[in-house]
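Examining the three-dimensional arrangement
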Amino acid sequence: MCSFNVLLRLSLSRVRPLADKSYVMSSVRSSQTATLTVVALGVFALVLEAVLRGSFAFAGVGLAGLVACGTIFIGIRTHSPNSPRGWGLLALCAITLPGGWGLMSLSALQQHLGLYVISSFLIVVGCSSLVGAMTIFARRQRRTWDQASLVEVAMVVASAAAPTVALLVLPDLGLHDVPLPTLLVGDLAPLVVITTAVVLLRLTLWSRSRSTSNRLLLSSLALVAVSSVLFALSDPPHLELSSLALIVGLILIGLASLQPSMTELTEPVPTRHEVDGTGFVVIGLLVPIITMVVRWTLSDRFDFETFLTIEVVITALVIWRLRLLFRAMKHARRSAEMREQYYRTIVDNVADLIVALDSSGRATYISPSAHEILGKAPAELMGGVALDTVHPDDQEFAAALIAQALSTPGRRVAAELRAIAADGTTRLLSGSATSLDGDHGDAALVIGLHDVTEQKRLEEELAHRAMHDEMTGLPNRALIMDRCEQLLARAVRTGNQIAVLFVDLDDFKDVNDGFGHATGDALLVAVAARLSTAIRANDTIGRMGGDEFVVLTEHIPSGPGPELVAERILELMREPFHLETLESVSLSVTASIGIATGPRALQAELLRDADVALYRAKALGKARYVSFQPEMFSAVKNRLELERDLRGAVESGQFFLLYQPTVDLSTLEITGVEALIRWRHPTRGVVPPVEFIPMLEESGSIVEIGRWVLREACTQAAVWQQRGLSLSMSVNVSARQLESDGLIDDVRKALETSALRPNLLTLEITETTLMRDADKTADRLEHLRGLGVRIAIDDFGTGYCSLSYLRRFPIDVLKIDRSFVSGLSESEDARALVRTLVRLGKDLGLRTLAEGIEDDEQLAELRKEHCEAGQGFLFARPLDPSALDDLLEGHRLLAALTTTSA
């Protein structure tokens with residue numbers, strides 16, 4: 001077999017280069033063209049066989065063998081079967097079998113013993129190749145054969161052996177001048193061919209796919225067998241008929257190899273229904289009898305011993321086959337019982353309710369799951385009418401459903417209905433009903449129902465959640481958009497005025513930061529409940545997200561109608577909210593409202609205009625309502641343009657720092673500076689921080705910008721440090737920076753890179769930022785203090801920081817907000833408040849610094865209260881480094897002149 005594989009691979013290597021040529025590839029690419037070519041060559045072989053006579057009469061057979069061999073290799077090259085060995089053996093058979101047949105013909109015509117021996121050898125090789133090919137196909141398609149299949153094949157072989165022995169072997173035994181092995185080879189060749197044909201037939205019966213290749217091979221083997229029988233039985237041999245059958249058989253082998261289905265013979269295939277083998281038994285019993293009768297007629301003698309031997313063998317095989325048949329029937333019966341028990345177990349334990357009804361609608365079977373679904377045992381329901389448990393409102397529908405299913409056997413009807421459980425509750429059941437034919441006993445209809453009560457409840461709940469806000473229960477954005485679209489459609493039809501009001505709580509972030517998110521959520525729920533009382537039943541209020549609510553209203557009077565709704569909402573918001581969370585809290589909040597009236601082409605436009613008006617209300621100072629005006633778009637457009645330009649401001653170097661001095665109020669000496677960021681826009685000029693800092697906070701870019709500010713400020717402070725000026729550098733730290741895990745590393749790297757002494761760096765944090773997460777903030781500030789930097793509370797007095805929290809933080813400086821300093825010259829209350837803050841700082845051991853000092857009266861009051869430091873326009877505006885150098889130089893000259901005059 002190894003040598004044959006080598007030969008096959010070498011042959012394929014010869015075929016592949018040939019296939020690259022155009023005239024060969026054109027025939028390979030088209031199955032129809034290749035088939036016509038083979039048929040044409042076969043016809044040519046037949047004509048050649050008819051023309052040539054005498055010793056060259058087998059030339060057509062040889063040509064047909066060469067054509068079959070070549071097309072097999074082309075088929076292997078084209079279709080690439082998983083295993084080409086079987087087809088390779090067929091190619092070997094297509095060469096050796098015609099050669100043996102031709103030499104056998106010559107030996108018969110010329111009475112040449114040597115040719116007879118050689119031809120017998122070639123026939124043995126050809127038949128062996130044929131058997132090997134069928135064996136490979138059998139193993140590939142089905143790994144093992146059962147005993148019944150082997151017995152059936154043996155019966156056919158034995159039946160084929162009867163005519164072979166009686167008609168061929170026995171008469172030739174008298175030829176003493178021919179060796180017995182040679183006689184047996186020549187006479188048993190048809191038996192081998194018939195055996196291989198039986199094997200291929202068995203494969204065809206097993207396979208689900210009756211492929212073209214299978215049928216062509218079966219036909220070719222039948223013709224080869226006919227050729228062998230005609231050659232062996234005729235005396236002298238009928239070369240014309242025998243060669244004709246052999247040529248057509250070889251051509252059919254070649255055609256089988258050209259079919260795409262030729263690959264199926266080397267691939268596992270699903271088995272068809274089991275073949276009962278009755279035909280094989282009949283053939284096995286009748287063929288020997290017919291053979292002996294023919295033998296008796298031809299030779300006037302009856303070979304009783306041969307007949308008896310063959311009959312004994314076949315009878316034994318028949319008994320063996322019957323035994324296997326009885327065993328299979330017993331096994332099938334046992335399997336059927338086991339399957340019945342298996343399926344009954346499944347049905348009895350399935351969660352669905354399964355009911356079998358007779359033609360009158362009475363239950364003949366109810367699965368045990370009825371107790372779980374309906375609270376009733378199956379015994380209570382057996383024999384009753386199925387409609388008894390159906391909800392009264394669904395009984396008519398259920399009766400029609402049963403009638404519809406029973407109208408056509410095998411019909412399946414889907415249904416969903418309600419049933420009354422034993423406790424009186426209603427269960428929703430979904431399933432189908434299938435009618436049966438008359439072979440299922442009393443059952444005429446089988447109904448399978450699944451309890452979908454909980455599923456439907458969950459679906460309704462999910463649908464509600466999909467359209468409603470989970471916290472407040474109000475319609476969410478999706479439902480608001482849908483209802484707004486319906487509102488616009490009705491407005492177009494009726495001409496009624498519609499309005500959308502965007503309601504946004506003012507400074508809601510401070511509530512979350514100061515009291516926690518639990519309190520913020522409780523406030524949102526309370527606001528939603530209060531707003532619901534401000535609208536009519538046919539209006540809609542929803543939550544768009546965060547602290548933003550939407551009111552949709554229609555059929556309102558033209559003119560001030562929407563404004564009246566807004567005033568009513570603002571009036572409701574003035575009353576404090578009493579919240580019960582971890583502790584009782586009373587909060588007073590305000591709201592800003594944006595109003596847009598319709599109609600509009602799209603709901604998105606109406607909602608957008610209301611949002612633009614809300615943004616305008618926020619910009620005007622909050623706690624008010626604003627109706628949309630077209631010119632408001634310009635402000636929104638400017639903001640969007642700034643947000644767009646802000647993205648590339650860092651890379652293009654548009655940010656720069658100014659420095660505002662801080663002075664010692666007792667000596668008026670400049671002791672430090674505060675770094676303030678500015679944006680030099682390419683077309684707008686210098687943009688104030690109030691316009692772009694909130695955008696950086698919202699986008700999160702403030703972390704990157706803050707890292708740059710920290711690095712630049714430390715570098716500038718280090719320059720002054722090298723010149724002998726010990727100026728402290730104050731840098732603002734945003735809430736997002738403080739929450740960032742990289743802040744500590746950023747500060748460390750800025751100090752190391754600039755070589756600035758850590759005690760000259762002060763980080764300023766607003767009071768509200770400290771309260772966002774007090775525990776985490778305190779821990780992070782301790783790490784920063786560990787680096788040697790100082791910590792200052794900016795805008796102190798404007799937030800919610802209590803003394804108990806203030807003691808937890810490692811603070812060095814209290815910065816008094818400018819709102820308190822501005823009233824020092826006018827209000828006694830302001831002076832008292834500043835006095836309190838300064839004393840608080842001293843009691844806590846903190847340095848106090850006042851912001852926004854603009855006149856001498858404010859300075860005098862702060863010095864009177866012993867405030868230690870201050871900053872403001874009275875001393876200097878924010879300056880660039882060069883201008884600040886000039887200011888510092890002027891202070892030094894003034895100090896020198898003062899010293900000299902003294």
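Residues numbered from 1 in each chain as written. Predicted model: local features only at pLDDT ≥ 70, side-chain atom pairs only at ≥ 80, totals over all residues. Heavy atoms only, no water.

1. Overview of the overall build of the protein chain
Check the secondary structure of the protein chain and you find 33 helices and 21 strands. Relative to its full complement of 902 residues, the protein chain shows a buried share of 45%. For the protein chain, the proportion of contacts with a sequence separation of at least 24, taken over those separated by at least 6, is 65%. (Helix = DSSP H or I, 4+ residues; strand = E, 2+ residues; numbered from the N terminus. Buried < 20%, exposed > 50% of the residue type's maximum accessible area, 1.4 Å probe, protein only. Contact = heavy atoms within 4.5 Å.)

2. Observations regarding the pattern of salt bridges
When charged atoms on two side chains of opposite charge get close, those side chains can pair. Tallied over the full model, the rule gives 21 salt bridges. Asp 746 is paired through a salt bridge with Arg 707; the nearest N and O atoms lie 3.2 Å apart. Note that Asp 746 is positioned in helix 26 (residues 743-754) and Arg 707 in helix 24 (residues 702-722), a separation of 39 residues in sequence. According to the relative accessible area criterion, Arg 707 is partly exposed, its value standing at 33%. With a closest N to O distance of 3.2 Å, Glu 865 and Arg 835 form a salt bridge. Placement of Glu 865 in the loop between helix 32 (856-864) and strand 21 (869-870) and of Arg 835 in helix 31 (residues 828-843) is noted, with a sequence separation of 30 residues between them. (Salt bridge = Lys/Arg side-chain N within 4 Å of Asp/Glu carboxyl O.)

3. Here we look at the sheet that holds strand 8 (residues 548-554)
Hydrogen bonds between backbone groups are what pair the strands of a sheet, and the pairing can be parallel or antiparallel. With mixed pairing, 5 strands are arranged side by side in an open sheet as 7-8-6-11-12. Each edge of the open sheet is held by one strand with a lone partner, namely strand 7 (540-545) and strand 12 (625-627). In this sheet, neighbouring strand axes are inclined to one another by 20° on average, regardless of whether the strands run parallel or antiparallel. When strand 7 meets strand 8, the two strands line up antiparallel, connected through 5 bridges. For Thr 540, the partnering residue across the bridge sits in strand 8 and is Leu 552. On the sheet, helix 19 (residues 517-532) packs against strand 6 (498-505), strand 7 and strand 8 and is oriented at approximately 10° with respect to strand 8. (Pairing = 2+ DSSP bridges. Axes fitted to C-alpha atoms, helices over the stretch in contact; angles between N-to-C directions.)

4. Quick look at the pairing of strand 18 (residues 790-796)
A large share of strand 18 lies buried, amounting to 5 of its 7 residues. Sheet topology note: the strand 17 (residues 761-766)/strand 18 ladder contains 5 bridges and is parallel. Considered in strand 18, the bridge of Ile 765 is made with Ile 793. With 3 bridges connecting them, strand 18 and strand 19 (residues 813-816) associate as parallel partners. Counted as the bridge partner of Ile 793 is Leu 814 from strand 19.

5. Considering unusual backbone geometry
Only a minority of non-glycine residues have a phi that is not negative, and only a minority of peptide bonds are not trans. Backbone geometry places Ser 80, a non-glycine residue, at a positive phi of 50°. The topology assignment puts Ser 80 in the loop between helix 4 (59-79) and helix 5 (85-110). Judged by relative accessible area, which is 52%, Ser 80 ranks as exposed. Although it is not a glycine, Asp 507 adopts a positive phi angle of roughly 55°. Tracing the backbone shows Asp 507 in the loop between strand 6 and helix 18 (508-515).

6. Structural notes on the packing of helix 18 against helix 19
The interhelical angle for the contact between helix 18 and helix 19, taken along N-to-C directions, is 140°, at an axis separation of 6 Å. What the angle tells us is that helix 18 and helix 19 run oblique. Contacts between helix 18 and helix 19 involve Phe 508, Val 511, Asn 512 and Phe 515 from the former and His 517, Thr 519, Gly 520, Leu 523 and Leu 524 from the latter. (Parallel < 35°, antiparallel > 145°, perpendicular 65-115°, else oblique.)

7. Overview of the packing of aromatic side chains
Taken as a whole and judged by the stated rule, the model has 4 aromatic pairs. Between Tyr 659 and Trp 720, the aromatic rings sit 5.6 Å apart at their centres with planes inclined by 75°, giving edge-to-face as the arrangement. Separated by 61 residues along the polypeptide, Tyr 659 in strand 13 (residues 655-664) and Trp 720 in helix 24 bring together distant segments of the chain. Like Tyr 659, the residue Trp 720 is buried in the burial classification. Arranged with centres 5.8 Å apart and planes meeting at 80°, the rings of Trp 679 and Phe 692 form a pair that is edge-to-face. Of this pair, Trp 679 sits in strand 14 (residues 669-681) while Phe 692 is found in helix 23 (residues 689-699), placing the two residues 13 residues apart along the sequence. Exposure class is identical for Trp 679 and Phe 692. Each is buried. Members of the aromatic cluster, each reached through a chain of ring pairs, are Phe 655, Trp 679 and Phe 692. Lying across the ring of Phe 656, Arg 680 places its NZ or CZ 4.1 Å from the centre. (Phe/Tyr/Trp six-rings, centres within 6.5 Å; stacked < 30°, edge-to-face > 60°. Lys NZ or Arg CZ within 6 Å of the ring centre and 35° of its normal.)

8. Things to note about the environment of Ala 617
Relative to the elements of secondary structure, Ala 617 occurs in helix 21 (residues 603-619). A sequence separation of 23 residues divides Ala 617 from Gly 594, and the C-alpha atoms of the two residues are 6.7 Å apart.

9. Some remarks on the packing of helix 24 against helix 26
Where helix 24 meets helix 26, the closest approach of the two axes is 9 Å, and the angle between their N-to-C directions is 30°. Between helix 24 and helix 26, the interaxial angle falls into the category roughly parallel. Between helix 24 and helix 26 lies a crossing whose hand is right-handed. Where helix 24 approaches helix 26, its residues Arg 707, Leu 710, Arg 711, Cys 714, Thr 715 and Ala 718 are matched on the opposing element by Asp 746, Val 747, Ala 750, Leu 751 and Ser 754. (Left-handed = near helix turned anticlockwise from the far one by under 90°.)

10. Comments concerning the sheet that holds strand 3 (residues 412-420)
Ordered by their spatial adjacency, 5 strands build an open sheet running 2-1-5-4-3, and the pairing between neighbours is antiparallel. Edge positions in the open sheet fall to strand 2 (363-366) and strand 3, since each of these has one partner strand only. Pairwise comparison of adjacent strand axes, ignoring direction, gives a mean angle of 25° for this sheet. Sheet topology note: the strand 3/strand 4 (residues 426-435) ladder contains 9 bridges and is antiparallel. When the sheet's bridge partners are listed, Ile 420 is paired in strand 4 with Thr 426. Of the strands in this sheet, strand 1 (353-357), strand 3, strand 4 and strand 5 (445-451) are in contact with helix 15 (residues 395-406), which crosses strand 3 at around 155°. Its contacts with the sheet put helix 16 (residues 453-467) on strand 3, strand 4 and strand 5, and the angle it makes with strand 4 is roughly 120°.

11. Things to note about the nonpolar core
Core analysis: the largest hydrophobic core is formed by 73 residues, its most contacted members being Leu 761 and Leu 763. When residues no more than four places from it in sequence are discounted, the contact partners of Leu 763 are Leu 710, Val 731, Val 733, Val 747, Leu 784, Val 789, Arg 790, Ile 791 and Ala 792. (Core = buried A, V, L, I, M, F, W, Y, C linked by side-chain atoms within 4.5 Å.)

12. Observations regarding the side chain of Gln 721
Positionally, Gln 721 belongs in helix 24. Looking at Gln 721, its side chain comes within polar contact range of the main-chain oxygen of Ala 755, at 3.1 Å. When neighbours within four sequence positions are excluded, Gln 721 is seen to be in contact with Ala 755, Leu 756, Arg 757 and Leu 760. (Polar contact = N/O pair within 3.5 Å; in protein donor to acceptor, adjacent residues only side chain to side chain.)

13. With respect to the environment of Thr 597
For Thr 597, the location among the structural elements is in strand 11 (residues 591-597). For the pair formed by Thr 597 and Ser 627, sequence separation is 30 residues and the distance between their alpha carbons is 8.3 Å. Not counting chain neighbours up to four residues away, the residues in contact with Thr 597 comprise Gln 497, Ile 498, Ala 499, Pro 562 and Leu 606.

14. Quick look at helix 15
The first and last C-alpha atoms of helix 15 sit 17 Å apart over 12 residues, in line with the 16 Å expected at 1.5 Å per residue. Among the residues of helix 15, Ala 398, Leu 401, Ile 402 and Ala 405 are the ones counted as buried. Looking straight down helix 15, one finds that the buried residues subtend no more than 95° of arc, so they occupy a single side. (Expected span 1.5 Å × (residues − 1). Arc of directions from axis to C-beta.)

15. With respect to the pairing of strand 13
Across the 10 residues of strand 13, 10 count as buried, placing the element largely inside the fold. Residues Phe 655, Leu 657, Tyr 659, Pro 661 and Val 663 line one face of strand 13 and the alternating positions Phe 656, Leu 658, Gln 660, Thr 662 and Asp 664 line the opposite face, and both faces are buried. As defined by bridge partners, strand 13 adjoins strand 14 across 10 bridges and the pair is classed as antiparallel. From the neighbouring strand, Val 663 faces strand 14, where its bridge partner is Ile 670. Where strand 13 and strand 21 come together, 2 bridges link them in antiparallel fashion. Paired with Val 663 across the strands is Gly 870, a residue of strand 21.

16. Observations concerning the confidence of the model for the protein chain
Confidence in the prediction of the protein chain, expressed as mean pLDDT, is 76, and 70% of residues score 70 or more. Note that residues 1-30 has pLDDT below 50 and, in this model, 25 contacts with residues that lie over four places away or in other chains. (pLDDT = per-residue confidence, 0-100.)

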